[in-house]
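# Structure at a glance
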Amino acid sequence: CGVTGLRPTFGRVSKYGAMALSWSMDKIGPIARSAEDAAIVFEAIYGPDGRDGSVIDAPFNYDYRNDPQKLRIGYLADAFSKSRFRKQDSLSLEVLKKLGYELIPIQLPQLPTIRFILNADAAAAFDELNRSDKDDLLVRQDKRAWPNTFRSGRFIPAVEYIQANRLRTALIEDMDQLFESIDLYVHPSWGNSSLTITNLSGHPCVVVPNGFQSNGLPSSITFTGKLFGEADLLRFAESFQSATDFHLQHPKWIKD
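Residues numbered from 1 in each chain as written. Predicted model: local features only at pLDDT ≥ 70, side-chain atom pairs only at ≥ 80, totals over all residues. Heavy atoms only, no water.

## With respect to the nonpolar core
For clarity, the cut-off: Buried residues of nine kinds, namely Ala, Val, Leu, Ile, Met, Phe, Trp, Tyr and Cys, make up a nonpolar core once their side-chain atoms join them within 4.5 Å. Only protein chains enter the calculation, and the probe is 1.4 Å; a residue is then buried if its accessible area is under 20% of its type maximum, exposed if over 50%, and partly exposed in between. Every helix listed is a DSSP run of H or I at least four residues long, and every strand listed is a run of E at least two residues long, numbered separately from the N terminus. Contacts are residue-level and defined by heavy atoms, with any inter-residue pair within 4.5 Å sufficient.
Formed by 29 residues in total, the largest nonpolar core has its most connected members in I73, V186, F223, L234 and F236. Of all elements in the fold, only α1 (35-45), β3 (73-75), α3 (86-98), β5 (184-188), β6 (205-212), β7 (218-225) and α9 (230-242) reach the threshold of two or more residues within this core. The dominant element in this core, judged by the number of residues it contributes, is α9, at 6 residues. Not counting the four nearest positions on each side in its chain, I73 is found in contact with Y101, E102, L103, I104, I182, L184, V186 and F236. The next biggest cluster of nonpolar side chains, apart from the first, holds 17 residues, and it includes L108, L118, F179 and L200.

See below:
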């Protein structure tokens, strides 16, 4: 949508007062004009508040003077060849190369078929709505709409849910091993497994605008980092934005 968004590490920001979808995956973060603005907002909202027991008391040390050139940058080479916004994403990689970054091709761990963890979590979060039949009042009632996700969540066997979370733990360990060789990685915002994997693993990401489509709508690219690595992520995103002006532009709407 043409803005900069930070999805922090799971357990960075209190979820108190927010509508839940998945207590084990929900993350709250700032949406701002730029990476530096997101860092300012994040500084104000991160950390324990005494109301959300999942929040971890970990430091956030953003410093614009830190040299992002020292970071080891990976990128999902295969994903860029299949990107929905191939032109914009390819130009983004060129920007990073001109800034002096060495891009290391990587592959993400294989994603097991465990997305139904989210369905079970959502069914639990909306249990009262479901039991009261008020889910019938929601407008969308097609197969993929949330009401049917809540309803179908009750049919997930407990054994399968536990086995899925064991696989989730293994996936988190695989991601931890990946980040032994890199500090963050660059990837298209769509059309790859990174979003689903990091939903499960809790890793943070920053999404920044990187151009416009032919219909005038903005496109974006995503940077994903280590657990509690928001400072490096935002500093890297700021270096990208210092070499581009997409975050300062507005769409030129085209009427039908």
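After that view, the rundown keeps rolling.
## Looking at a negative patch on the surface
Rules: Each patch is built from residues lacking any salt bridge and having more than 30% relative accessible area; the joining distance is 9 Å for like charges and 5 Å for nonpolar side chains (Val, Leu, Ile, Met, Phe, Trp, Tyr). Shrake-Rupley sampling with a 1.4 Å probe provides the accessible areas, and residues are treated as covered by the protein chains on show and by no other component. We define a salt bridge as a contact between a side-chain nitrogen of Lys or Arg and a carboxyl oxygen of Asp or Glu at a distance within 4 Å. Neither His nor the chain ends is counted toward charge; the positive residues are Lys and Arg and the negative residues Asp and Glu. Here the site of a charge means atom NZ of a Lys, CZ of an Arg, CG of an Asp or CD of a Glu.
Together, E173, D174, D176 and E180 give the surface a local cluster of negative charge. Locating D176 in the fold gives a position in helix α7 (residues 158-178).

## Section: the side chain of D89
Structurally, D89 is set in helix α3. Although D89 is buried, it forms no salt bridge, and the closest oppositely charged side chain is R86 at an N-O distance of 8.2 Å. Sequence-distant contacts of D89, that is, excluding residues within four places in its chain, are made with F80, S83, P188, N210, S220 and I221.

## Regarding the layout of surface pockets
Quick note on the threshold: Both cavities and pockets are sets of points on a 1 Å grid over the protein atoms alone; in a cavity a 1.4 Å probe fits but cannot get out, in a pocket the set is open with protein on both sides within 12 Å along at least five of seven lines, and lining residues sit with an atom within 4 Å of a point. Grid points are joined across faces, edges and corners, and a volume is the space filled by probe spheres set on the points. In this classification, the charged set is Asp, Glu, Lys and Arg, the nonpolar set is Ala, Val, Leu, Ile, Met, Phe, Trp, Tyr, Cys and Pro, and all remaining amino acids, among them Gly, are polar.
The computed volume of the largest pocket comes to approximately 890 Å³. Along its surface, the largest pocket is lined by 36 residues, and R7, W190, L195, C205 and V207 are the ones closest to its centre. Of all elements in the fold, only β1 (4-7), α8 (194-201), β6 and β7 reach the threshold of two or more residues within the lining of the largest pocket. Here the lining of the largest pocket is built from residues that sort into 16 nonpolar, 15 polar and 5 charged.

## Notes on the pairing of β1
Selection rule: Pairs of strands are assigned from DSSP output, requiring at least two bridges between the strands.
Burial along β1 is two-sided: the face carrying T4 and L6 and the face carrying G5 and R7 are both buried. With 2 bridges joining them, β1 and strand β2 (residues 31-32) adopt antiparallel strand pairing. For G5, the partnering residue across the bridge sits in β2 and is I31. Of the pairings in the sheet, the one linking β1 to β6 comprises 3 bridges and is antiparallel in character.

## Notes on the sheet that holds strand β4 (residues 103-105)
The condition is simple: Note on geometry: axes are lines fitted to C-alpha atoms, helical ones only across the stretch in contact, with angles between N-to-C directions running from 0 to 180 degrees.
Pairing is mixed in the open sheet, where 7 strands are placed in the order β2-β1-β6-β7-β5-β3-β4. Of all the strands in the sheet, just β2 and β4 have a single pairing partner and so form its edges. Strand contacts of α3: β3, β4, β5, β6 and β7, with the helix running at about 110° to β6, the strand carrying the most contacts.

## Comments concerning the packing of aromatic side chains
Selection criterion: Only centres within 6.5 Å qualify two rings of Phe, Tyr or Trp (six-membered ring in Trp) as a pair; their planes then separate them into stacked at under 30 degrees, edge-to-face at over 60, and tilted for everything else. Two conditions define a charge sitting above a ring: the NZ of Lys or the CZ of Arg must be within 6 Å of the ring centre, and it must be within 35 degrees of the ring normal.
Evaluated as defined, the whole model comprises 11 aromatic pairs. Look at F60 and Y62: their rings are 6.5 Å apart centre to centre, the planes differ by 20°, and that puts the pair in the stacked class. An aromatic cluster of three or more residues is present, and its members are F42, Y46, F60 and Y62. A cation over a ring is seen here: R65 above Y64, with NZ or CZ 6.0 Å from the ring centre. Its end group placed over the ring of W190, R84 keeps NZ or CZ at 5.5 Å from the ring centre.

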